[in-house]
Amino acid sequence: MPDLPDAATCYELLARMALIRRFEEEAGRQYQRAKAGGFLHLAIGEEATIVGTTSVMRDEDFLIGTYRTHGHAIARGTDPNAVMAELFGRVDGTSGGRGGSMHIFDAERRFMGGYGIVGGNLPLAAGLALASQYKGEDAATVCMFGDGASNTGNFGETMNMAALWTLPVLFLVENNLYGMGTSVERHSAQTDLSKKAEGYGVPGTRIDGMDVIAVREAVAEGLRSAREEERPTLIEVVTYRYRGHSAADPEVYREREEVEEWREKDPIESFARRCVEAGVLGEREVGQAREAAEETVRAAVEFADASPEPPLDTMYESLYALTDYPGGWYAVDERSPEPHRGEHEADMPARARALAEAGAAYAEVEEEGERPNPAVAGDAQDSTASRTGPDPAELEDEG
Ligand SMILES: Cc1ncc(C[n+]2csc(CCOP(=O)(O)OP(=O)(O)O)c2C)c(N)n1
Ligand SMILES: [Mg+2]
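This text gives an overview of the structure that appears in the document.

Each value, and the rule that gives it
- Residues numbered from 1 in each chain as written.
- Chains lettered and ligands numbered in written order.
- Predicted model: local features only at pLDDT ≥ 70, side-chain atom pairs only at ≥ 80, totals over all residues.
- Near = placed C-beta within 6 Å.
- Nonpolar A, V, L, I, M, F, W, Y, C, P; charged D, E, K, R; others polar.
- Helix = DSSP H or I, 4+ residues; strand = E, 2+ residues; numbered from the N terminus.
- Buried ≥ 20, exposed ≤ 12 C-beta atoms within 10 Å, placed from the backbone.
- Contact = placed C-beta atoms within 7 Å.
- Core = buried A, V, L, I, M, F, W, Y, C linked by C-beta atoms within 7 Å.
- Pairing = 2+ DSSP bridges.
- Right-handed = clockwise from strand over helix to strand, strands pointing away.
- Expected span 1.5 Å × (residues − 1).
- Axes fitted to C-alpha atoms, helices over the stretch in contact; angles between N-to-C directions.
- Parallel < 35°, antiparallel > 145°, perpendicular 65-115°, else oblique.
- Left-handed = near helix turned anticlockwise from the far one by under 90°.

1. What to know about the site of ligand 1
Working step 1: Taken together, 14 residues lie around ligand 1, and V118, G146, G148, A149 and G179 are the ones closest in.
Working step 2: A per-class count over the shell around ligand 1 returns 5 nonpolar, 7 polar and 2 charged.

This is how it looks when you write it as structure tokens:
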């Protein structure tokens, strides 16, 4: 078992884990009270993987995670008030209340989200690392994802590019033994996930994810090799989530005894016990860490509750939308018939609009004969010219 660091570091590790635990317990409670909306994925039980990792990262390093990242943002230094306000959908949230639980984001602290697409953050991590390398910066990127994400195509593609381009990135798979309700034995042929990137040239190690010090040391070494040798590595941290996959999970896929067994290895309890037994921290300091967490979370709920909801007329702000495609009730504001901000296509280049309208017109038109293949016909420069349907220019008044 690795040695404990100094007392101040141990206190900080314990206090951070206790804060995240308390924050998430309260987030779950506020979700049940319908104060927090959307989906809610809690990482209760996984605190050592989060805090062990961020405790050895530098300010200039990037962290990118999944949809289970309230704790990751807080561990990176994001104000718990802003995270709670984001869960409540309020203006003082990290994304102005528009992202919610799955999309916590804090560019200032280089916490780059918050992603709902399983495995979607992996190529983005490679992109962040490539940017640092390209600019000659010393920053490394840490990419955290789940065991389930290691089965996606993105995983293999990203490992290959990271190794090929010697990117300063560290991949950390938080193996909590389940992808939703599917156990790792049922979803992955290779259950030692640390081996899964070897063939791509990314070596791996497997670490006890309930031991904050073990995680910390492995991540420190991974960051060193990313930074100094531009050598990507994969760390598998074996951990467990005590709560369901999301707030709505009947948990029929596992036995209560299994959860209880893992509770015995609680990362916060076990670390507190170890610090006290080693004489590094006293019972009083352990209590103090818990009380501080309690107070911070109480204040965060009060702050979030007092923060206003975004005004309705700002609904179309901060949206990235070129057209109103895909159409439908969710894309159209039906308060009044005229176009609203974000629905208007007036800013689109005329050519793009003509193509879009021509495409829409084709949806209604029966094809006559075989449709020409632009690559074969050599007309890829202007694919509308060879089409057999109506001329887009003539369609303008037909809507
Ligand atoms: C590309 C994609 N496929 C499926 C889903 C649905 N989905 C959401 S979470 C999840 C399980 C992911 O498990 P894992 O990667 O182990 O992360 P964990 O939830 O355990 O943290 C799935 C399949 C999704 N969000 N994105
Ligand atoms: Mg998982």
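Picking up after the structure, the text goes on.
2. A word on the environment of R206
Working step 1: Relative to the assigned elements, R206 resides in strand β6 (residues 204-208).
Working step 2: Residue R206 is classed as partly exposed on the basis of its C-beta count, with 17 C-beta atoms lying within 10 Å.
Working step 3: Between the alpha carbons of R206 and E236 there is a distance of 4.7 Å; along the sequence they are 30 residues apart.
Working step 4: Not counting residues within four places of it along the chain, the set of residues in contact with R206 comprises D192, S194, E236 and V238.

3. Regarding the nonpolar core
Working step 1: Judged by nonpolar contacts, the single largest core of 85 residues is most densely connected at L14, M17, C143, V169, L170 and L172.
Working step 2: Considering every element that reaches this core, the biggest residue donor is helix α1 (residues 7-32), with 10 residues.
Working step 3: Those residues in contact with L170, other than ones at most four positions away along the chain, are A140, V142, V219, G222, L223, A226, P232, T233 and I235.

4. Notes on the pairing of strand β2 (residues 141-146)
Working step 1: Counting buried positions over the 6 residues of β2 gives 6, a clear majority of the element.
Working step 2: With burial as the criterion, each face of β2 is covered, one bearing T141, C143 and F145 and the other bearing V142, M144 and G146.
Working step 3: In this structure, strand β1 (residues 62-64) lies alongside β2, joined through 3 bridges in parallel fashion. Looking across to β2, one finds that L63 is bridged to V142.
Working step 4: Looking at chain direction, β2 and strand β3 (residues 169-175) are connected through 6 bridges and run parallel. From the neighbouring strand, V142 faces β3, where its bridge partner is L170.
Working step 5: For the crossover that starts at β2, traverses helix α6 (residues 153-164) and ends in the parallel β3, the hand is right-handed.

5. What to know about α1
Working step 1: Between the first and last C-alpha of α1 there are 38 Å, a value that for 26 residues agrees with the 38 Å anticipated at 1.5 Å per step.
Working step 2: Where α1 terminates, the next one or two residues include A34, which has phi positive at roughly 65°.

6. Overview of unusual backbone geometry
Phi is mostly negative for residues that are not glycine, and the peptide bonds are mostly trans.
Working step 1: If you check the backbone angles, T166 has positive phi at about 45° while not being a glycine.
Working step 2: With respect to the secondary-structure elements, T166 resides in the loop between α6 and β3.
Working step 3: For T166, a count of 15 C-beta atoms within 10 Å gives the class partly exposed.
Working step 4: Residue L177 is not a glycine yet carries a positive backbone phi of 75°.
Working step 5: By the element assignment, L177 lies in the loop between β3 and β4 (178-179).
Working step 6: Take L177: there are 17 C-beta atoms within 10 Å of it, and that puts it in the partly exposed class.

7. Structural notes on the packing of helix α2 (residues 47-54) against helix α8 (residues 212-229)
Working step 1: Across the interface, α2 lies against α8 with an axial gap of 8 Å and an inter-helix angle of 40°. When the interaxial angle is binned, α2 and α8 end up oblique. With respect to the hand of their crossing, α2 and α8 are arranged in right-handed fashion. Taking contact as the criterion, the partners of A48, T49, V51, G52 and T53 in α2 are, on α8, V212, V215, R216 and V219.
Working step 2: Here the residues of the contact of α2 with α8 are counted per class, giving 5 nonpolar, 3 polar and 1 charged.

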